[in-house]
There are 2 protein chains.
Amino acid sequence: MNFITATLKALALRGASNRYVPVSTRGLGRGLGVSQQTASNRLIAMEASGLISRRRGVHGQDVMISKDGMELLRREFADYQRIFTEPGAIKLSGTVASGLGEGQYYLNKPGYHTQILEKLGFTPFNGTLNIRVSESEMAKLSIVPPESRIRIDSFRADGRTYGEAECIPVKINDISCAIIMPKRSHHTGVLEIISANHLRQELCLKDGDTISVILERRF
Amino acid sequence: MNFITATLKALALRGASNRYVPVSTRGLGRGLGVSQQTASNRLIAMEASGLISRRRGVHGQDVMISKDGMELLRREFADYQRIFTEPGAIKLSGTVASGLGEGQYYLNKPGYHTQILEKLGFTPFNGTLNIRVSESEMAKLSIVPPESRIRIDSFRADGRTYGEAECIPVKINDISCAIIMPKRSHHTGVLEIISANHLRQELCLKDGDTISVILERRF
DNA sequence: ATTACTAACAAGCGAGTAC
DNA sequence: TGTACTCGCTTGTTAGTAA
């Protein structure tokens, strides 16, 4: 019965969590990497255990996950939430990169400076530590929901508008700092870190050194 | 290879996501509902696939999930987030109950009244619909993170303090309304619903009718 | 107390096929 | 197009046991 959660999950992703959706055993099998026959078997077994209910027609069937089935998925989800909400559970690795990022520029503007002190609780060192990370490492940040990100508002000064940015609190070698990302900019494969300290000096870092950034909190 | 995610998840829940943790094959097997031998086999197979790394001692072993292993879990988690973030994915069922809840009392106070209009976007009907739900249905609300709940602040009036409350936007038969819960109160097994409409009349409800509440948004 | 081997067994899979 | 049988075979599990 080890296949049950995987199959339920596939059905839920097809929308079967709250309504009947048309499901073909061939298509379901393809999605799960198993044969049409296996998909059929699984649906039969899961219907027998009361995890799904089915409506059979001549040209196919509709499937909906039952209350019990959803309860099972809900418990799975709760487990994953525990795993990824645990502090330090998510780590991004990359290499120290040189060059000034956009973030550096921001730190000189009082409008950002004071917001960082207010919202992150530290006066930022005047410079960012840049970390080159792969696409897959960067993708880990998508786990952090918008509500858990700290928003640095836009403001006007010197006759122009400075755009908003987003911060995510992290730790590097147990030093509290934060990722800062301009809201309207493409991902360049470089993370910019702000901190009260001169991280490069404090941690004796040089370009190319491998380094890990640990997310502090989520949800 | 269907056992892999379940086993990785069990290891992650034991803290193996970011450090080596002592794991006994007997204990792991018990947690997974399999034999000691099976747990041993799984660890061997997962080490061979590079999903975990192990340090063997004489009296046991330490296990840590690898980068690849965590990536696999992260993708699982992303799937579950999609499932449970989909509007309408979570449904609480219960029966209509009579009697005045605490919520009713609040609605008469202008302090709450205006906050509800401001934060939920409707002027509440002067009364709550009470729905008796089981413990397990109530537990579903724990999926809604604090940031997604709408906070009704406490305020002072008539020489006393009115405590804060929390709202969760929901739909009942496609009518937008909200669960309201006093912050400092025990769960009584009754959900209180506020709405712009007189729900009981609008939906022709009487005590004991079965009814479903659908969560509108999360995260 | 551990882990992990071997060997017998069971569960799950899928090709072929019927409907 | 569909679903779901049978049945041979593979994969995963476990008891017994060694280290």
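Just so it is clear, the structure is predicted and the values come from calculations on it, not from any experiment.

So, about the packing of helix α1 (residues 4-16) of chain B against helix α3 (residues 36-48) of chain B. Residues and elements named next belong to chain B. As a packed pair, α1 and α3 sit with axes 11 Å apart at the nearest point and diverge in direction by 95°. Between α1 and α3, the crossing angle belongs to the class labelled roughly perpendicular. From α1, Ile4, Thr7, Leu8 and Leu11 reach across to α3, where they touch Arg42, Leu43 and Met46.

A complete count under the given rule lists 10 aromatic pairs over all chains for this structure. Arranged with centres 4.8 Å apart and planes meeting at 75°, the rings of A:Tyr112 and A:Phe155 form a pair that is edge-to-face. Within this pair, whereas A:Tyr112 is found in helix α6 (residues 110-120), its partner A:Phe155 is found in strand β7 (residues 155-157), the two being separated by 43 residues in sequence. On the accessibility criterion, A:Tyr112 (1% relative accessible area) is buried. You can call A:Phe155 buried: its relative accessible area is 17%. Between the aromatic rings of A:Phe155 and A:Tyr162, the centroid separation amounts to 5.2 Å while the plane-to-plane angle is 25°, which identifies the pairing as stacked. Residue A:Tyr162 is classed as buried on the basis of its relative accessible area, which comes to 2%. A network of ring pairs unites the aromatic residues A:Phe77, A:Phe84, B:Phe77 and B:Phe84 as a single cluster.

Below, the discussion takes up the protein's contact with DNA strand C. Lining the immediate environment of DNA strand C, one finds 20 residues, of which A:Met1, A:Thr38, A:Arg42, B:Thr25 and B:Arg56 sit closest. Within 4 Å of the protein, atoms of DNA strand C come from sugar and phosphate in 62% of cases. A distance of 2.8 Å is found between a phosphate oxygen of DNA strand C and a backbone nitrogen or oxygen belonging to A:Ser35. The side chain of B:Ser40 places a nitrogen or oxygen atom 3.4 Å from a phosphate oxygen of DNA strand C. If you list the elements that add at least two residues to the surface near DNA strand C, you get α3 (36-48) of chain A together with α3 and β2 (52-56) of chain B. The class makeup of the residues in the surface near DNA strand C is 5 nonpolar, 12 polar and 3 charged.

Interfaces are frequently sized by the accessible area removed from exposure as the parts join. Looking at chain A, the domain boundaries give domain 1 (4-85) and domain 2 (91-215). Computed from C-alpha coordinates alone, the two centres of domain 1 of chain A and domain 2 of chain A are separated by 41 Å.

Turning next to the protein's contact with DNA strand D. Around DNA strand D sit 21 residues, and of these A:Thr25, A:Arg56, B:Met1, B:Thr38 and B:Arg42 come closest. Near the protein, within 4 Å, the atoms of DNA strand D are sugar or phosphate in 62% of cases. Residue A:Gln36 places a side-chain N or O atom 2.8 Å away from a base nitrogen belonging to DNA strand D. Within the backbone of B:Ser35, an N or O atom sits 2.9 Å from a phosphate oxygen of DNA strand D. When contributions to the surface near DNA strand D are tallied by element, the ones reaching two or more residues are α3 and β2 (52-56) of chain A together with α3 of chain B. Here the residues of the surface near DNA strand D sort into 5 nonpolar, 13 polar and 3 charged.

This part is about the side chain of B:Lys9. Residue placement: B:Lys9 occurs in helix α1. A relative accessible area of 10% means that B:Lys9 is categorised as buried. Beyond its immediate chain neighbours, meaning those up to four positions away, B:Lys9 contacts A:Glu76, A:Asp79, A:Tyr80, A:Ile83 and B:Leu73.

Now for unusual backbone geometry. All names here are of chain A. For Asn173, which is not glycine, the phi dihedral falls at a positive 45°. Within the secondary structure, Asn173 is located in the loop between β9 (165-172) and β10 (175-182). On the basis of relative accessibility, which here comes to 59%, the residue Asn173 falls in the exposed class.

Across the boundary between the two partners, chain A contributes 37 residues, which contact 37 residues of chain B. Surface buried jointly by chain A and chain B totals about 3,400 Å² across both partners, of which 58% is contributed by carbon and sulfur atoms. It is A:Arg74, A:Phe77 and A:Tyr80 in chain A that bury the most area against chain B; as a group they hold 21% of the surface buried on that side. Linking chain A with chain B are 8 salt bridges. B:Asp79 is the salt-bridge partner of A:Lys9, the closest N and O atoms lying 2.9 Å from each other. Taken together, the links from chain A to chain B amount to 8 residue pairs in polar contact (both at pLDDT 80 or more). Of all the secondary-structure elements, those providing two or more residues to the side of chain A that touches chain B are α1 (4-16), α4 (67-85) and α7 (135-139) of chain A. A per-element tally of the side of chain A that touches chain B places α4(A) first, with 13 residues. Among the residues making up the side of chain A that touches chain B, the classes are represented as 15 nonpolar, 9 polar and 13 charged.

The subject of this paragraph is the nonpolar core. Ranked by internal contacts, the top residues of the largest apolar core, which has 96 residues, are A:Leu11, A:Ile172 and B:Leu11. If we ignore the near neighbours within four places in the chain, the residues touching A:Leu11 are A:Ala16, A:Val23, A:Leu28, A:Leu43, A:Met46, A:Ile52, A:Val63 and A:Ile65.

Take the sheet that holds strand β3 (residues 61-65) of chain A next. Residue and element names in this part refer to chain A. One open sheet holds the 3 strands; their spatial order is β1-β3-β2, and the pairing between them is antiparallel. Each edge of the open sheet is held by one strand with a lone partner, namely β1 (21-23) and β2. With strand direction ignored, the average angle separating the axes of adjacent strands in the sheet is 40°. Two strands pair when backbone bridges link them, and β2 and β3 are joined in this way by 5 bridges, in the antiparallel orientation. Residue pairing across strands places Arg56 opposite Gln61, the latter belonging to β3.

The rules behind these values
- Residues numbered from 1 in each chain as written.
- Chains lettered and ligands numbered in written order.
- Predicted model: local features only at pLDDT ≥ 70, side-chain atom pairs only at ≥ 80, totals over all residues.
- Heavy atoms only, no water.
- Axes fitted to C-alpha atoms, helices over the stretch in contact; angles between N-to-C directions.
- Helix = DSSP H or I, 4+ residues; strand = E, 2+ residues; numbered from the N terminus.
- Parallel < 35°, antiparallel > 145°, perpendicular 65-115°, else oblique.
- Contact = heavy atoms within 4.5 Å.
- Phe/Tyr/Trp six-rings, centres within 6.5 Å; stacked < 30°, edge-to-face > 60°.
- Buried < 20%, exposed > 50% of the residue type's maximum accessible area, 1.4 Å probe, protein only.
- Near = heavy atom within 4 Å.
- Polar contact = N/O pair within 3.5 Å; in protein donor to acceptor, adjacent residues only side chain to side chain.
- Nonpolar A, V, L, I, M, F, W, Y, C, P; charged D, E, K, R; others polar.
- Domains from an automatic or database assignment.
- Buried area = accessible area lost by both parts, 1.4 Å probe.
- Salt bridge = Lys/Arg side-chain N within 4 Å of Asp/Glu carboxyl O.
- Core = buried A, V, L, I, M, F, W, Y, C linked by side-chain atoms within 4.5 Å.
- Pairing = 2+ DSSP bridges.

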